[in-house]
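Observations on the three-dimensional arrangement
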Amino acid sequence: MNSSPRKKWFGLVLVICVCMIGLSAPFQHFAAFPNELRLFSGQLKRLQYGVPVHAEVTVDPRMLQINGSTRQSLSVNLNDPISLQPHQSGQTSMKVKLFGKIPFKTVKVNVVPDLRVIPGGQTIGVKVKSAGILVVGHHQVRGSNGTKESPGEKAGLRLGDLIIKIDGHNINEVRKVADLVEQAGKEHRPLAITYKRNGTIGETKLYPIRDAEERNWKLGLYIRDSAAGVGTLTFYAPDQGVYGALGHVITDMDTQTPIEVGDGQILQSSVTSINKSQTGEPGEKRAHFVKEGKILGNIERNTSFGIFGKMNENPNHSYSDKSIPVTFAEEVKEGPAQILTVVNGQKVERFDIEIAHVTKQPAPATKGMVIKITDKRLLDKTGGIVQGMSGSPIIQNGKLVGAVTHVFVNDPASGYGCFIEWMLQDAGILTREQSTQGAAA
């Protein structure tokens, strides 16, 4: 064999070896070694890479201790679990040298203050008042000349538009509209409408028409100023006096647009019955409000990750009054977990689920994980995930990791969950800076 074929064979063998090394478990563990880490102060974190290599790890022991040592440099076996114990919030670095000599990686470490919340699970009644008058439909008005038209549609108003001012008056109650319309109609002048559409303010002129049959002035619009329903409380943070619930945005049932909250309350609610989920037909919790005069909290925000506001105390009938740690998105793992929810009355119960898939989300996004109900009791009672269960807290290894958000219509035993990190952001408990630093880990 001459030198040229030998070189080709040698090159081929070398490529195969490189590929095998790249696919080997130790190499993949090395590649998975993070560039950045986010830790909660006081919460132990374990790293396990399964690489039979010794390394020297250098840290600031005032902020971070490795395997319980107070020394600045420590020799560790990367084949064994490494425990990290952060002691104070701030930013530091962890330098890793293979065999104590070869610089391998400098890991940025961001330690944020310890955060614990009381998990919810209680069914709550939700009353939302929009920050204006929501256009939910058009209707035709027959005028004195016999023709039919919708003045609102003619003025360019669309479904989902939020009317915030009429003739310069702030408006958020349907009952206040009739008088303004009647006055403008009698004076034969248009109404000056200020509306919000997709976050942009617009203005238009709307000429009311006097209905030939009912003899009153009309806009040719179906409008709404409030909505009500039931959902599940996800958490209560006693130190901050705030809560989070639902895990998804509240939308108007007709326009499917998010409701911009002007005011709102959450109330105690009791489950009276369950309409079981079936393939192709999600079920629902049937519930009624309890003690409507006793408001549990207000509603300040309606976001992609639920509703948030102030709450003065943990509501009754909680599964436990003890607070538990929360976790960052990257710590959620596929495997067993539990949810807290109500299926009868006001009793919060714990049920087994499986986290079937976890999506890597370095920034806030919905559908963070796929969950599957495995608890036979819950499946027998509900058929899987039902409407009204959204917001049920997801707990894994004693930590609050997320909330139930949606059911799969064709597989009601499964559905989506969101990461608790994003809900804590929208609640104002975890700052966006704390969340984004180290998100590439």
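Since the structure is predicted, the reported quantities are computational estimates derived from the model, not experimental observations. (Residues numbered from 1 in each chain as written. Predicted model: local features only at pLDDT ≥ 70, side-chain atom pairs only at ≥ 80, totals over all residues. Heavy atoms only, no water.)

The next point concerns the nonpolar core. Inside soluble globular proteins, nonpolar side chains tend to come together where they are buried. In this structure, Phe 235, Ile 339, Ile 394 and Leu 424 are the most contacted members of the largest nonpolar core, which totals 47 residues. Among the elements that line this core, the one with the most residues is helix H6 (residues 420-427), at five residues. (Core = buried A, V, L, I, M, F, W, Y, C linked by side-chain atoms within 4.5 Å. Buried < 20%, exposed > 50% of the residue type's maximum accessible area, 1.4 Å probe, protein only. Helix = DSSP H or I, 4+ residues; strand = E, 2+ residues; numbered from the N terminus.)

The next subject is empty space enclosed by the protein. Inspection of every chain in the model, using the stated rule, returns four cavities of 30 Å³ or more. The calculated volume of the largest cavity comes to roughly 70 Å³. Every residue along the wall of the largest cavity is listed here: Gln 122, Thr 123, Gln 268, Ser 269, Leu 296, Pro 315, Asn 316, His 317, Val 342 and Gln 346. Broken down by class, the residue content of the lining of the largest cavity amounts to three nonpolar, seven polar and no charged. (1 Å grid on protein atoms, 1.4 Å probe; cavity = no way out; pocket = protein on both sides within 12 Å on 5 of 7 lines; lining within 4 Å. Points joined across faces, edges and corners; volume = space filled by probe spheres on them. Nonpolar A, V, L, I, M, F, W, Y, C, P; charged D, E, K, R; others polar.)

Let us look at the sheet that holds strand E5 (residues 73-77). Ordered by their spatial adjacency, five strands build an open sheet running E1-E8-E7-E3-E5, and the pairing between neighbours is mixed. On the outer flanks of this sheet lie strand E1 (36-40) and E5, each paired with one strand and no other. Across this sheet, the average inter-strand angle for adjacent strands is 30°, counted without regard to direction. Looking at chain direction, strand E3 (residues 54-58) and E5 are connected through five bridges and run antiparallel. Paired with Val 57 across the strands is Leu 74, a residue of E5. (Pairing = 2+ DSSP bridges. Axes fitted to C-alpha atoms, helices over the stretch in contact; angles between N-to-C directions.)

Turning our attention to the environment of Asn 170. Position of Asn 170 among the secondary structure elements: in strand E14 (residues 169-170). We classify Asn 170 as exposed; its relative accessible area is 62%. Each C-alpha atom of the pair Asn 170 and Arg 116 lies 40 Å from the other, and the pair is 54 residues apart in sequence. If near-sequence neighbours (up to four positions away) are discounted, Asn 170 is found in contact with Ile 164 and Lys 165. (Contact = heavy atoms within 4.5 Å.)

Turning to the side chain of Gln 361, a few remarks are in order. Tracing the backbone through its elements, the reader meets Gln 361 in the loop between strand E27 (348-358) and strand E28 (369-373). A distance of 3.0 Å separates polar atoms of two side chains, one belonging to Gln 361 and the other to Trp 422. Other than its neighbours up to four places away in sequence, Gln 361 contacts Ala 329, Thr 366, Lys 367, Gly 368, Phe 419 and Trp 422. (Polar contact = N/O pair within 3.5 Å; in protein donor to acceptor, adjacent residues only side chain to side chain.)

Next up on the list: the domain arrangement of the protein. The domain architecture assigned to the protein consists of domain 1 (22-114), domain 2 (117-125 + 227-434) and domain 3 (140-219). Once you take the C-alpha centre of each, domain 2 and domain 3 turn out to be 38 Å apart. (Domains from an automatic or database assignment.)

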